Amino acid sequence: MQVPSVNPFAEFRHECEAVLADAVARALPEVKVDTFPLGKPSNPSFGQLASSLCFELAKQLKQKPNDLTALVVKAIDTSRFTLIEKVESTGGYINFRVNFSKFSSLTLESIKQLGAEYGFPKTETPLKIIVEHTSVNPLHPIHIGQARNPILGDSLARILKFRGHDVSRHYYIDDVGRQSSVIAYGYAKLGKPKPDEKIDHFIGKIYTITSCIVELNRLKRQLEVAKSVSANEEVAKLNKEISEWTAIAGELEEKHPKLFAALLAKIGEDANPEEEINKLNRAYEDGEPNAKKLIRDVSDLCLEGFRQTAKRVEIFYDSWDWESDFVWSSQVSDVLQKLKSTPFVFSEGGVLEFDADKVIQTLGLKAKLGLREGQEVPPLTLVRADGTTLYTTRDVAYTLWKFNQAEKVVNVIGMEQSLAQLQLKIALYALGYAKQAESFVHFAYNLVTLPGYKMSSRRGHYITFDEVLDEAIKRAYEEVSKRSPLLTEEEKQKIASFVGIGAVRYALVDVDTGKPVVFTWDRVLNFETNSAPYVQYTHARACSILRKAAKTPEKPECKFLAEQLEHELVLALASFPDMFIEAAEYLKPNMIADYSNALADKFNTFYNALPVIKADSTELCDARLALTDAIRTVLSNALNLIGVVAPEKM
RNA sequence: GGGUCCGUGGCGCAGCACGGAUAGCGUGUCAGCCUUCUAAGCUGAAAGUCCUGGGUUCAAAUCCCAGCGGACCCGCCA
């Protein structure tokens, strides 16, 4: 046993494993057991760890589990006990009790010595990992439907970093799509105006209005053609679409009359705006200098807005990767050449297709990719008839570039792109990059939706992330003013800021990534139990006690921590490292939020039930102060993993 | 039609990867607790066919199969 220990509970577990293995070997020499799994019993009266080993052995040996546990427990060598207090058998289980006096000292002493480093056992195989996240197209502000991405991505990056990996956070800028040309076209038509608001919000308006006007223009021209050839069904369909877009145009005109009028007039100068946009798009892909400057400038402006938003929630990026760079350099065409030389690419009507299913068959990847027997993966179009590439094709080049500088790639991308991400992975296999394919992770998450309507950036139907943050801070301010009226104005504002932002981060990281989040203000801006403010408040409360006590006991005697509540707290603190390892290995950031809430819960119960400063004896007071200090440290360490501020006062 | 994910008290969720002892938590409802360390807190009560049906197992919310319900995907969009 080492002091300090990065993982006190693991020390106990290892001791139990060794003691159990030894006892089984002596009590039942005829059986061979490889692993001795230990689980946490549902009820603390059964001890801190339990083994159900004898249920399995019972069948093998044709004996009752109870008889076997009795034999094993009898053979246990108590002289090996360090952290174990007692081993007993109940109902077929072998239950291990920890010696709390020693275990509490080990845990509290470790936390005290390691401080901000406590709870983060380093991986034995540190990797260079690229976490790609956010990657919102620079066309409009980040909206709440997209905000779950940076929150999850940033939390993952923090967790992996603390696990000992070399993590780099990348933002992939998709500037090659047609949409980038739409916004650039509208912005240029307006004469590159100076914004009178946050730049990405301004860009977003221009994009939505331009896109709407161009779409209507296109539909109307199509309608003329359809009418001239009397394609009645087509006419009806177009009329329907036109009326939908006309309604959107009406909304936009009402909301932004000046901007709308200006764009309508300017775009009206072009006979065929759609063709202008396509021209711009082609020129950009070809790297024509004017197109390059225009689109890069507009994108840069929008990205500046994103950087400001990200900064508000303490999110930063190590690398901004432009998709266009991969097109202009030969990286995309090189990958295409390589793909073409494999037997998995075929041409159909001038279009290049990638036969993902054939790769699976040929290389026998079915099991590796977790696919079912009869499951087929549809082909992926690599190149259009006009010779231009598609998004996923370019993403293959980008992914290979990432693997040039990292051993593992984690893509934080919505689950709606699961198929494309799978095809990308298969393409890596097809190109002979099996090792990379295996280290390629699509971290999928479900969408954030608004009750009532579908969010659509093209239609301008969205709540921006900035608005959510503003509202969160506003509500937090009201809350602080109500609860702590004596604070100075400056303090209130500071608290409102980290409480509001913490609440949003917590709410978006808390739910299992497989489940959709329906956005409601009440849900996201929760200041009660199971929220960042609750955990933050608990942390501040612990700090307050330590401040008031005005002493840090040198040598607290942990044997005085004899209450059940105190034992549970020590166990929770000691289990933090195990939880962290699991969250890091299985990429489950929501575990961190759950843990911090559970620890806060236990501490608040303790706080209400047992006095710290006014404890019955100085020894007890010292021990409880040490416990409180350890809780403060662990809450802070946990919150840090999900990017939430742990305040000393609120 | 095919695929992926999800289904747990009224509502919102955890637990499921690795099966184990009375299924946790929050909210809402009801009843209480601030001359005492921060009430953004705490205590107690009522509230559950863990979607349904099979199967595997000494043991299933957890694994397998089928079905039902919901979201998303199956584009020469990104």
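These lines cover the structure that appears in this document, whether it is placed above or below.

What counts and what doesn't
One numbering rule holds for all chains: residues counted from 1, following each sequence as written. Chain A is the first chain written and ligand 1 is the first ligand written, with later ones labelled in order. Only residues with pLDDT of at least 70 are given local features in this predicted model, and only at 80 or more are side-chain atom pairs given and counted; all residues enter the totals for whole chains, interfaces and linings. Note: side-chain values were computed over all heavy atoms of the structure, leaving out hydrogens and water. Here a salt bridge means any side-chain nitrogen of Lys or Arg lying within 4 Å of a carboxyl oxygen belonging to Asp or Glu. Put simply, DSSP H or I for four residues or longer makes a helix, DSSP E for two residues or longer makes a strand, and each gets a number counted from the N terminus. Burial classes: relative accessible area under 20% of the type maximum marks a residue as buried, over 50% as exposed, and values in between as partly exposed (1.4 Å probe, protein chains only). Nonpolar core, defined: a set of buried Ala, Val, Leu, Ile, Met, Phe, Trp, Tyr and Cys residues in which side-chain atoms within 4.5 Å join the residues together. Residue contacts follow a heavy-atom distance rule, with two residues in contact if any of their heavy atoms lie within 4.5 Å. Planes of paired rings set the category: under 30 degrees apart is stacked, over 60 is edge-to-face and the rest tilted, where pairs are Phe, Tyr or Trp rings (Trp by its six-membered ring) whose centres lie within 6.5 Å. Any residue with a heavy atom lying within 4 Å of a molecule or strand is counted as near it. Two N or O atoms form a polar contact when they lie within 3.5 Å of each other; inside protein one atom must be a possible hydrogen donor and the other a possible acceptor, and for residues adjacent in sequence the pair counts only when both atoms belong to side chains. Gly falls in the polar group here, along with every residue not listed as nonpolar (Ala, Val, Leu, Ile, Met, Phe, Trp, Tyr, Cys, Pro) or charged (Asp, Glu, Lys, Arg). Whenever a pair of cysteine sulfur atoms sits within 2.5 Å, that pair is classed as a disulfide.

1. What to know about the pattern of salt bridges
Under the definition given, this model contains 35 salt bridges. Taking the shortest distance from any N to any O, the salt bridge between Glu-88 and Arg-97 comes out at 2.6 Å. Between Arg-505 and Asp-154 there is a salt bridge; the shortest N-O distance is 2.7 Å. Here Asp-154 lies in helix α5 (residues 144-162) and Arg-505 lies in helix α19 (residues 489-510), a separation of 351 residues in the sequence. By relative accessible area, which is 0% here, Asp-154 ends up buried. Taken together, the shared-partner salt bridges connect Asp-154, Arg-158, Arg-169, Asp-318 and Arg-505 into one network.

2. What to know about the nonpolar core
Membership of the largest hydrophobic core comes to 170 residues, with the highest contact counts inside it found for Phe-12, Phe-96, Phe-103 and Ile-144. Discounting chain neighbours no more than four positions away, the residues touching Phe-96 are Phe-12, Cys-16, Leu-20, Leu-38, Phe-46, Gly-47, Gln-48, Leu-49, Ile-84, Lys-86 and Val-87. Counting residues in hydrophobic clusters, the runner-up holds 38 residues, among them Val-176, Leu-365, Val-409 and Phe-440.

3. Focus on the packing of aromatic side chains
Using the criterion set out here, one finds 22 aromatic pairs in the structure. Here Tyr-398 and Trp-401 contribute two aromatic rings whose centre-to-centre distance is 5.9 Å and whose plane-to-plane angle is 20 degrees, an arrangement assigned as stacked. Of this pair, Tyr-398 and Trp-401 both sit in helix α15 (residues 391-405), separated by 3 residues, roughly a single helical turn. Judged by its relative accessible area of 24%, Trp-401 is partly exposed.

4. As for the protein's contact with RNA strand B
The full set close to RNA strand B counts 70 residues, and Asn-43, Asp-174, Lys-515, Ser-544 and Tyr-586 are the nearest of them. Looking at RNA strand B alone, sugar and phosphate atoms form 62% of those within 4 Å of the protein. At 2.9 Å, a side-chain N or O of Ser-52 approaches a base nitrogen of RNA strand B. Here a sugar or linking oxygen of RNA strand B sits 3.1 Å away from a polar atom, N or O, in the side chain of Arg-523. For the surface near RNA strand B, the elements supplying multiple residues, two or more each, are α2 (53-61), β3 (93-98), α15, α16 (418-430), α18 (465-483), α19, α21 (532-549) and α23 (590-609). Take the surface near RNA strand B: its biggest share by element is 8 residues, from α21. In terms of residue class, the surface near RNA strand B is built from 30 nonpolar, 17 polar and 23 charged.

5. Focus: the state of the cysteines
If you walk through the whole model with that rule in mind, you get 0 disulfides. For Cys-54, which is in no disulfide, the shortest distance to another cysteine sulfur is to Cys-16 and amounts to 15 Å. Left without a disulfide partner, Cys-558 is nearest to the cysteine sulfur of Cys-621, which lies 13 Å away. For Cys-558, a relative accessible area of 5% corresponds to the buried category.

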